[in-house]
Amino acid sequence: MPDMSASVSLAMTHLAPLAKEVDENKVTPGVLGFIVFAAMALAVWALMKSMNRHMGKVKFKEPADPDAESAKTSADTEARQS
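As the structure is a computational prediction, the values presented were derived from the model and not from experiment.

1. Thoughts on the overall build of the chain
Link 1 in the chain: Scanning the chain from terminus to terminus reveals three helices and zero strands.
Link 2 in the chain: Counting from the amino terminus, the chain carries its helices and strands in the arrangement α-α-α.
Link 3 in the chain: Relative to its 82 residues, the chain shows a buried fraction of 0%.
Link 4 in the chain: Accessible surface for the chain amounts to roughly 8200 Å². Of this, 65% is attributable to carbon and sulfur atoms.

Quick look at the structure:
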């Protein structure tokens, strides 16, 4: 593997003895894959928690429009007069 950088080569020499048997035809995510997946899961959890907190602050009921209220009351009084 001549294309490997020195740090990757050094990491592989330290990690290779940890494996009892290295099968060249078997590809697994390993510890690094688990760490990346766990970090992504924690990030999604934190984002969902933040979104839930922000959605709790949102008020869904709109305040009454004063122009619409005055038009409605004037229409009601006209209907009563007729």
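Structure shown, so let's carry the discussion forward.
2. A few points about a nonpolar patch on the surface
Link 1 in the chain: Together, V44, M48, M51, M55, V58 and F60 make up an exposed nonpolar region whose accessible area comes to about 620 Å².
Link 2 in the chain: Look at F60 and you get exposed, because its relative accessible area is 64%.

3. Things to note about the confidence of the model for the chain
Link 1 in the chain: For the chain, per-residue confidence averages 77 on the pLDDT scale, and 54% of positions sit at 70 or higher.
Link 2 in the chain: When pLDDT is averaged over each helix and strand of the chain, the minimum, 64, is found for helix α1 (residues 6-15) and the maximum, 95, for helix α2 (residues 30-57).

Conventions we followed
Residues numbered from 1 in each chain as written. Predicted model: local features only at pLDDT ≥ 70, side-chain atom pairs only at ≥ 80, totals over all residues. Heavy atoms only, no water. Helix = DSSP H or I, 4+ residues; strand = E, 2+ residues; numbered from the N terminus. Buried < 20%, exposed > 50% of the residue type's maximum accessible area, 1.4 Å probe, protein only. Areas by Shrake-Rupley, 256 points an atom, 1.4 Å probe, with all protein chains shown as cover. Patch = residues over 30% accessible without salt bridge, like charges linked within 9 Å, V, L, I, M, F, W, Y side chains within 5 Å. Salt bridge = Lys/Arg side-chain N within 4 Å of Asp/Glu carboxyl O. pLDDT = per-residue confidence, 0-100.

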